[in-house]
Amino acid sequence: MNPGIAAQAQAQAPTMTDYTQHLTEMLDVVQRLITLVETENRLLETERPTAIQPLLEEKGRLSSVLAYGLQTIKRNPAGLEAVDRSLRASLSSALATFQDLVLTNGRIVLRLKSVSEGILNAIVEETQKGKRTAPTYNPGFTPAAARPPVASIALNATV
């Protein structure tokens, strides 16, 4: 295709049919994202976070497609006026549902993160308890810096 013709084709505003097709495709993408995030939320709620790994690649790909589709609409919002109102309402409703699910997902992830951090901190604290030494006192009867536990030294005298 001639570069001049391609530039003219890009400069022309999309037709109503193009916008209808675009919104229909975006609605499909949003519905697929909703299904993925619902599945992910269920897996996280049942405390199986490692099971979401296969979903992450598809979710990232669909999110990129959705972002690109929304940018396309943002560049030419006037084209939306010609599209069927029910299609616009369906897309708007699906986007609202998706947004609610993403917020719920964020809350679940933060809750799991704080639980995991709490468990790790408890493990570290218990581990440190075994390594603590009794405080020693210096001549002024003030606590001196704790010394690490003395390690036994064994020498192999075999030559």
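(A) Region of interest: a nonpolar patch on the surface. Among the surface-exposed residues, Val115, Ile119, Leu120 and Ile123 lie close enough to one another that they form a single nonpolar patch of about 380 Å² accessible area. As for its placement among the helices and strands, isoleucine 123 is situated in helix H4 (residues 85-131). Since its relative accessible area comes to 48%, isoleucine 123 is described here as partly exposed.

(B) Molecular detail of the environment of leucine 23. Within the secondary structure, leucine 23 sits in helix H2 (residues 16-45). For leucine 23, a relative accessible area of 1% corresponds to the buried category. Counting along the chain gives 64 residues from leucine 23 to leucine 87, while the straight-line C-alpha distance between them is 7.3 Å. Setting aside anything within four residues of it in sequence, one finds leucine 23 in contact with Ile73, Leu80, Val83, Leu87, Arg88 and Leu91.

(C) Inspection of the confidence of the model for the protein at higher detail. Summing up the model confidence of the protein, the mean pLDDT is 78 and the portion of residues at 70 or higher is 71%. A low-confidence stretch, residues 1-13 stays under pLDDT 50, and its non-local contacts, those more than four residues away or across chains, total 2 contacts.

(D) Representation of the side chain of lysine 59. The residue lysine 59 is located in helix H3 (residues 53-75) in this model. A polar contact is formed between the side chain of lysine 59 and the side chain of glutamate 40, at a distance of 2.8 Å. Sequence-distant contacts of lysine 59, defined by excluding residues within four places in its chain, comprise Leu33, Leu36, Val37 and Glu40.

(E) The nonpolar core, seen in detail. The biggest cluster of nonpolar side chains holds 26 residues, and the ones touching the most others in it are Leu23, Val30, Leu66 and Phe98. Breaking this core down by element, the ones donating at least two residues are H2, H3 and H4. The element contributing the most residues to this core is H2, with 12 residues. In contact with valine 30, not counting residues within four places along its chain, are Leu66, Leu91, Ala94, Leu95 and Phe98.

(F) Seen up close, the side chain of asparagine 105. Structurally, asparagine 105 can be placed in helix H4. Within the local environment of asparagine 105, its side chain forms a polar contact with the side chain of asparagine 41, the two groups lying 2.7 Å apart. Not counting residues up to four positions away in its chain, the partners in contact with asparagine 105 are Val37, Glu40, Asn41 and Leu44.

(G) Just H3, in detail. Taking 1.5 Å of rise per residue, the 23 residues of H3 would be expected to cover 33 Å, and the 34 Å separating its terminal C-alpha atoms lies within 8% of that figure. Buried residues of H3: Leu55, Lys59, Leu62, Leu66, Gly69 and Ile73, and no others.

Quick notes on the rules
- Residues numbered from 1 in each chain as written.
- Predicted model: local features only at pLDDT ≥ 70, side-chain atom pairs only at ≥ 80, totals over all residues.
- Heavy atoms only, no water.
- Patch = residues over 30% accessible without salt bridge, like charges linked within 9 Å, V, L, I, M, F, W, Y side chains within 5 Å.
- Areas by Shrake-Rupley, 256 points an atom, 1.4 Å probe, with all protein chains shown as cover.
- Salt bridge = Lys/Arg side-chain N within 4 Å of Asp/Glu carboxyl O.
- Helix = DSSP H or I, 4+ residues; strand = E, 2+ residues; numbered from the N terminus.
- Buried < 20%, exposed > 50% of the residue type's maximum accessible area, 1.4 Å probe, protein only.
- Contact = heavy atoms within 4.5 Å.
- pLDDT = per-residue confidence, 0-100.
- Polar contact = N/O pair within 3.5 Å; in protein donor to acceptor, adjacent residues only side chain to side chain.
- Core = buried A, V, L, I, M, F, W, Y, C linked by side-chain atoms within 4.5 Å.
- Expected span 1.5 Å × (residues − 1).

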